[in-house]
Amino acid sequence: MYVRVVRFTDVSAERMQGLVARVNESDGPPPGVPSTGLTILFDEAQGTAVVLQQFATAEDMDAGAKVMEAMDASDTPGSRVSVDACEQKLEVTAP
């Protein structure tokens with residue numbers, strides 16, 4: 001699995017609520033984004049968010065990144081400060 005990790009600053013609770021509502025109302029990822037999963041982490045006290053987008057292959061992650069990078073800034077939770085494109089090597093969950 002591959003994970004695109006995007007960090008944002010200047011994230012307000014209102015903007016996060018709007019983003020979560022749009023995602024919940026959608027039928028899946030935006031057109032052209034072959035994502036297999038999405039996790040959004042929000043630290044309201046610091047006004048930061050981390051978005052984890054999961055993909056089956058590196059090629060799918062690259063295709064999704066092109067669409068997400070072209071997205072209007074008003075459709076994001078805040079100011080994008082970094083993007084990491086990672087291959088997941090390990091995930092451990094408690095029994």
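Bear in mind that the values here come from a model prediction, so they are computed numbers and not experimental data.

Q: What is the right way to read the pairing of strand β3 (residues 48-55) from this model?
A: The side chains of a regular strand alternate between the sheet's two faces. Where burial is concerned, the two faces of β3 differ: the one with Ala49, Val51, Gln53 and Phe55 is buried and the one with Thr48, Val50, Leu52 and Gln54 is not. Sheet topology note: the strand β1 (residues 2-9)/β3 ladder contains seven bridges and is antiparallel. Across the sheet, the residue bridging to Val3 is Gln54, located in β3. Bridge count between strand β2 (residues 35-43) and β3: eight bridges; the pairing is antiparallel. Along β3, the bridge assignment pairs Phe42 with Ala49. Counting the residues in the hairpin turn of β2 and β3 gives four residues, including Gly47, whose phi is positive at 70°.

Q: How do you make sense of the nonpolar core when you look at a structure like this?
A: Counting residues in hydrophobic clusters, the biggest one holds seven residues: Val6, Phe8, Val11, Met16, Leu19, Ala49 and Val51. Leaving out residues up to four positions away in the same chain, Val6 has contacts with Ala49, Val50, Val51, Gln53, Arg80, Ser82 and Val83.

Q: How should the side chain of Gln53 be read in this particular structure?
A: Within the fold, Gln53 resides in strand β3. If we skip the residues at most four places from it in the chain, Gln53 touches Tyr2, Val3, Arg4, Val6, Gly37, Leu38 and Met68.

Q: Would you take a moment to explain the environment of Lys89 for this structure?
A: By secondary structure assignment, the location of Lys89 is in the segment after β4 (79-87). For Lys89, a relative accessible area of 70% puts it in the exposed group. Placed 59 residues apart in sequence, Lys89 and Pro30 show a C-alpha to C-alpha distance of 26 Å.

Q: Help me understand unusual backbone geometry in this model?
A: Even without being glycine, Asp10 reaches a positive phi, approximately 60°. If you trace the backbone, Asp10 turns up in the loop between β1 and α1 (13-25). Owing to a relative accessible area of 60%, Asp10 belongs among the exposed residues under this scheme.

Q: Would you mind showing me how to read the side chain of Thr76 here?
A: The residue Thr76 is located in the loop between α2 (58-69) and β4 in this model. A polar contact is formed between the side chain of Thr76 and the backbone oxygen of Ala73, at a distance of 2.8 Å. Among the polar contacts made by the side chain of Thr76, one reaches the main-chain carbonyl oxygen of Gly78 at a distance of 2.9 Å. With sequence-adjacent residues up to four places away left out, Thr76 is seen in contact with Phe8, Arg15 and Met71.

Each value, and the rule that gives it
- Residues numbered from 1 in each chain as written.
- Predicted model: local features only at pLDDT ≥ 70, side-chain atom pairs only at ≥ 80, totals over all residues.
- Heavy atoms only, no water.
- Buried < 20%, exposed > 50% of the residue type's maximum accessible area, 1.4 Å probe, protein only.
- Helix = DSSP H or I, 4+ residues; strand = E, 2+ residues; numbered from the N terminus.
- Pairing = 2+ DSSP bridges.
- Core = buried A, V, L, I, M, F, W, Y, C linked by side-chain atoms within 4.5 Å.
- Contact = heavy atoms within 4.5 Å.
- Polar contact = N/O pair within 3.5 Å; in protein donor to acceptor, adjacent residues only side chain to side chain.

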